[in-house]
Amino acid sequence: MVQVKPFGAWPSPITADSLSAGAIATDTCIDGDYVYWTQAISQEQGRGQIFQQKLNDTSIPPKALLPLEYNCLTRVHEYGRGAFKVSNGLVVFSNNKDTRLYTIDTEGKITPLTQADTLFRYADFTFDANNRFLICVREQHFENEEPKDVINVLVSIDLKTGKEQVIAEGQDFYMAPRLSKDNHLTFVSWVHPNMPWDYTKLYHAKASFDESTGLIELENLVCVAGDKINESIAQPEFGVDNTLYFASDRSGFWNLYQYDGSSVELLLAEPLKQEFIGPAWRFNDSEYKPLQSNVDQLVVINKNSLAILDKKAKSLTDLNSSYELFSDIRTYVNEQGEEVVIANMASPTEPTEVIAYNINKQVVVHVHQKSPATRLEPEFITVGREIEFPTTNGKTAYCYFYEPKNPDYKGEGLPPLRVLSHGGPTAQTHNNYSRSIQYWTTRGFAIADVNYGGSTGYGREYRNRLQKNWGIVDVDDCCNAALYLADQGLVDKEKLTIEGGSAGGFTTLASVAFRKVFKAGCCLYGVSDITLLAKETHKFESRYPDNLIGEYPKDEAIYEERSPINSADKIECPVIFFQGSEDKVVPPSQSEVMVNTLKKKGVPVAYVLYEGEAHGFRRAENIKRTAELEQWFYGQIFGFSVEGIEGVEIFNFSK
């Protein structure tokens, strides 16, 4: 019997506890007969654990390699990834607690590799074939530093002695060092004010190792791409025949190319108007891979499908599977000579898991990292459908719309809407299964997950809509998405809310400060004073605002005008803020100024500070608390009851 209950108050089979159950695997690595990955363990304060499992025997559970005193995580660029690598049985990992590199041998013995110095950080490792040395990104910090003081270089590290040698320097950033089997080195670099999705360069050289000195010499260093035209280059990979592959958006979309030692060639006959990779926010991304069993073929992502790109035939052939979203792609050849892909795979109805997929047979052969959360029954799952909606200046933008769905309940009237403004802002949302989204839709909320102008996935022109227009285009698109869905009769126009974290938090605050569309807002570690991004944030993003807003301090007036912190008195709708006390990207002071201003103005406001959390919440108890309190907050504002949740003080609000 279907019961009538207010939208937003439906009991759901998804608990808030389950939202922290099992972070997705990252940095997947295949070595010998094993697959390895890292995973944040929210029940252990979000520390990074390394797991190992047999490639062909998933009957034995994954083995955790690190004792509690170790945390596999790197803070190079502050966003991490690329924190470990395995070669010939030797594990090298970055320990976040002291920033040193350590090795784990085949007996499980953990040994320091680098010197004890917390001012040095390491990421993105590549080994030579004989385990004599590795090459990685090293980031050097200083006491009382400014972003411009931080030094990023490429270093080689002798795996016997730990001796370090700088082999590339002078650029502001380095990423994706990769060694071929014959010790050719490639890497990507760029300089301020560019971000890696703006303009980068790709280099190639022969790396010669002197056994007696433990030193590397780079011979015949050449710039392969990015020196003659402005392009974003990312994810270089060597094939088994030492051909160099990479992605470039020189056509307007990230397509795949190869370098044969003398010239660059597109892999397909013509560039396609689609993206084969995403933006390089983190190290060690892998969204395609050259096959090991066929030198002419690569496994790639073709929109919503895995596909085989045959560079000789200039063809793209989709592989049959139920999955639609893929990341961390790796390959190996099994005992039968068949190529197997291991990757994070998901679909609109299946959560992200580490899947082994046989390309030759086009079947799933193993599930290495299973989602620990209980599977949601199909009748509860709502699938996001992409909607094109009209926005400012006659343009079109995109969102995924999720209707509320719960077979046991129905509401009266129209549901409330949560507009999600993703972070980045140069990022993208997909409609893969998200337990956090289903948490809300099974409770009676509709969701609009917006790919506003400036998002990736739609080419450089769409991505560049946000240049000099951050706080305008993204805000317009989020507001117009909400109004469009309300005008279509899909959601309640009087119950429109917006939520976002980090850069998405800025869009959230700007939307409630400069527009009168939303009736409530939720800000997670959101940027409220964008001048601080230019003055105080970490090096990687310190010049990011140059392209998003303008040069600082020359364009300080624009920064001041668009910063929600300077227009907090214009906010009229209730807002709840969530913040980490150790956040270096968006310090607590930004949230606290906003909260105090709303307090003084008499606008309902709540503030939740989590001790020990940084930029993005990693601890299970805080992930749970955030979801529960946001729902409870909306219940207070919109007048529906949310049972079993201990609330917080909402200033200037009496029920």
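Residues numbered from 1 in each chain as written. Predicted model: local features only at pLDDT ≥ 70, side-chain atom pairs only at ≥ 80, totals over all residues. Heavy atoms only, no water.

Engineer: Please set out helix α10 (residues 620–638) residue by residue, giving values where relevant.
Structural biologist: Helix length check: α10 (19 residues) gives 28 Å between terminal C-alpha atoms against 27 Å at 1.5 Å per residue, within 8%. Of all 19 residues making up α10, 15 are buried, and the element is well covered by its neighbours. Just downstream of α10 lies glycine 639, where phi reads positive at about 85 degrees. (Helix = DSSP H or I, 4+ residues; strand = E, 2+ residues; numbered from the N terminus. Expected span 1.5 Å × (residues − 1). Buried < 20%, exposed > 50% of the residue type's maximum accessible area, 1.4 Å probe, protein only.)

Engineer: I'd like to hear about unusual backbone geometry, residue by residue, with values.
Structural biologist: A cis geometry characterises the amide bond from histidine 192 onward to proline 193, with omega recorded as 5 degrees. Among the secondary structure elements, proline 193 is positioned in the loop between β15 (184–190) and β16 (201–210). Of the consecutive residues tyrosine 552 and proline 553, the connecting peptide bond is found in the cis state with omega at 15 degrees. Looking at the secondary structure, you find proline 553 in the loop between α7 (544–548) and α8 (556–562). Positive phi, close to 75 degrees, is recorded for asparagine 242, a residue that is not glycine. Within the secondary structure, asparagine 242 sits in the loop between β18 (233–238) and β19 (244–248). Unusually for a residue other than glycine, aspartate 328 sits at a positive phi of about 50 degrees. Relative to the helices and strands, aspartate 328 is located in strand β26 (residues 325–333).

Engineer: Let's hear about the nonpolar core: which residues, and what values?
Structural biologist: Counting 108 residues, the largest nonpolar core has Leu417, Val419, Trp470, Phe518 and Phe577 as its most contacted members. Considering every element that reaches this core, the biggest residue donor is helix α3 (residues 473–487), with eight residues. Those residues in contact with phenylalanine 577 that lie beyond four places of it in its chain are Leu509, Cys523, Ser591, Met594, Val595, Leu598, Val605, Ala606, Tyr607 and Val608. In terms of nonpolar packing, the next biggest core, distinct from the first, is built from 36 residues, Ala16, Ile447, Tyr525 and Trp632 among them. (Core = buried A, V, L, I, M, F, W, Y, C linked by side-chain atoms within 4.5 Å. Contact = heavy atoms within 4.5 Å.)

Engineer: Give me the lowdown on the layout of surface pockets, citing residues and values where you can.
Structural biologist: Within this model, the second largest pocket holds a volume of roughly 1000 Å³. Along its surface, the second largest pocket is lined by 31 residues, and Ile30, Lys85, Leu179, Lys181 and Gln292 are the ones closest to its centre. Listing elements by their share of the lining of the second largest pocket, those giving two or more residues are β2 (26–31), β6 (84–87), β10 (120–127), β14 (173–179), β18, β22 (288–290) and β26. Ranked by residue count, the leading element in the lining of the second largest pocket is β2, at four residues. Split into classes, the residues belonging to the lining of the second largest pocket amount to eleven nonpolar, eleven polar and nine charged. (1 Å grid on protein atoms, 1.4 Å probe; cavity = no way out; pocket = protein on both sides within 12 Å on 5 of 7 lines; lining within 4 Å. Points joined across faces, edges and corners; volume = space filled by probe spheres on them. Nonpolar A, V, L, I, M, F, W, Y, C, P; charged D, E, K, R; others polar.)

Engineer: If you had to explain the sheet that holds strand β13 (residues 164–168) to someone new, which residues and values would you point to?
Structural biologist: One open sheet accounts for four strands, arranged β10-β11-β12-β13; its pairing is antiparallel. Looking at which strands have only one partner, the edges of the open sheet turn out to be β10 and β13. Strand after strand, the sheet turns through a mean of 35 degrees between neighbouring axes, direction not considered. (Pairing = 2+ DSSP bridges. Axes fitted to C-alpha atoms, helices over the stretch in contact; angles between N-to-C directions.)

Engineer: Can you break down the packing of aromatic side chains residue by residue, with the values?
Structural biologist: One pass over the full model with this rule turns up 34 aromatic pairs. Seen in terms of ring centroids, tyrosine 174 and phenylalanine 187 are 5.9 Å apart; in terms of plane orientation they differ by 55 degrees. Their pairing is tilted. Of this pair, tyrosine 174 sits in strand β14 while phenylalanine 187 sits in strand β15, and the two are 13 residues apart along the sequence. Consider the rings of tyrosine 398 and tyrosine 462, whose centres lie 5.7 Å apart with planes at 55 degrees: the pair is tilted. Of this pair, tyrosine 398 sits in strand β31 (residues 396–402) while tyrosine 462 sits in helix α2 (residues 460–463); the two residues are 64 residues apart in sequence, bridging distant segments of the chain. Exposure class is identical for tyrosine 398 and tyrosine 462. Each is buried. Joined through ring pairs, the aromatic side chains of Tyr79, Phe173, Trp190, Trp197, Trp281, Phe540 and Tyr544 make up one cluster. (Phe/Tyr/Trp six-rings, centres within 6.5 Å; stacked < 30°, edge-to-face > 60°.)

Engineer: So what about the state of the cysteines? Which residues, and what values?
Structural biologist: Note: disulfide means a covalent bond formed between the sulfur atoms of two cysteine side chains. For the coordinates displayed, the defined rule picks out zero disulfides. A disulfide-free cysteine, cysteine 478 has its sulfur positioned 7.0 Å from the sulfur of cysteine 479, the nearest such atom. (Disulfide = S-S within 2.5 Å.)

Engineer: Just give me the short version of the pairing of β26, but keep the residues and values in it.
Structural biologist: Across seven bridges, β26 lies against strand β27 (residues 339–346) in antiparallel orientation. Bridge assignment links leucine 325 to a residue of β27, and that residue is alanine 346.

Engineer: Any chance you could break down the packing of α3 against helix α4 (residues 503–514) for me, citing the residues and the numbers?
Structural biologist: Packing of α3 against α4 brings their axes to within 9 Å, and their N-to-C directions diverge by 70 degrees. In terms of orientation, α3 lies roughly perpendicular with respect to α4. Counted together, Asp474, Val475, Cys478 and Cys479 of α3 and Phe506, Thr507, Ala510 and Ser511 of α4 form the full contact between these two elements. Across the contact of α3 with α4, the residue classes tally to five nonpolar, two polar and one charged. (Parallel < 35°, antiparallel > 145°, perpendicular 65-115°, else oblique.)

Engineer: Give a description of the environment of glutamine 362 that names residues and reports values.
Structural biologist: Checked against the element boundaries, glutamine 362 lands in the loop between β28 (353–358) and β29 (363–369). Classification of glutamine 362 as partly exposed rests on a relative accessible area of 31%. In the structure, glutamine 362 is positioned 41 residues away from serine 321 in sequence and 7.2 Å away in space, judged by C-alpha atoms. Residues contacting glutamine 362, with those up to four places away along its chain left out, are Leu319, Asn320 and Tyr357. A distance of 2.7 Å separates a polar side-chain atom of glutamine 362 from the backbone nitrogen of asparagine 320. (Polar contact = N/O pair within 3.5 Å; in protein donor to acceptor, adjacent residues only side chain to side chain.)

Engineer: Just give me the short version of the side chain of glutamate 499, but keep the residues and values in it.
Structural biologist: As for its position among the elements, glutamate 499 is in strand β35 (residues 496–501). Relative accessible area serves as the criterion here: at 15%, glutamate 499 is assigned to the buried category. Once you skip the residues sitting within four places of it in the chain, glutamate 499 turns out to touch Arg418, Val419, Leu420, Ser421, Thr508, Cys522, Leu524, Glu630 and Tyr634.

Engineer: Account for the pattern of salt bridges, naming residues and giving values.
Structural biologist: Within the structure shown, the criterion is met by 30 salt bridges. Among the ionic pairs, arginine 81 bridges to aspartate 328, the shortest N-O distance being 2.9 Å. Of the two residues, arginine 81 sits in the loop between β5 (63–64) and β6 while aspartate 328 sits in strand β26, which places them 247 residues apart along the sequence. The two residues arginine 81 and aspartate 328 agree in class, both being buried. Residues glutamate 350 and arginine 375 are paired through a salt bridge, measuring 3.1 Å at the closest nitrogen-oxygen approach. Within this pair, whereas glutamate 350 is found in the loop between β27 and β28, its partner arginine 375 is found in the loop between β29 and β30 (385–390), the two being separated by 25 residues in sequence. With relative accessibility at 39%, the residue arginine 375 sits in the partly exposed group. When salt bridges that share partners are traced, they join Asp27, Arg81, Asp285 and Asp328 into one network. (Salt bridge = Lys/Arg side-chain N within 4 Å of Asp/Glu carboxyl O.)

Engineer: Would you mind going over the sheet that holds β35 in detail, with residue names and values included?
Structural biologist: With respect to topology, eight strands assemble into an open sheet ordered β30-β31-β34-β33-β35-β36-β37-β38, the strand pairing being mixed. Across the chains shown, the open sheet's two edge strands, defined by having one partner strand only, are β30 and β38 (605–610). The average angle at which neighbouring strand axes cross in this sheet is 20 degrees, direction not considered. Pairing analysis gives five bridges linking strand β33 (residues 417–421) to β35, with the strands arranged parallel. Within β35, the position partnered with valine 419 by the bridge is isoleucine 498.

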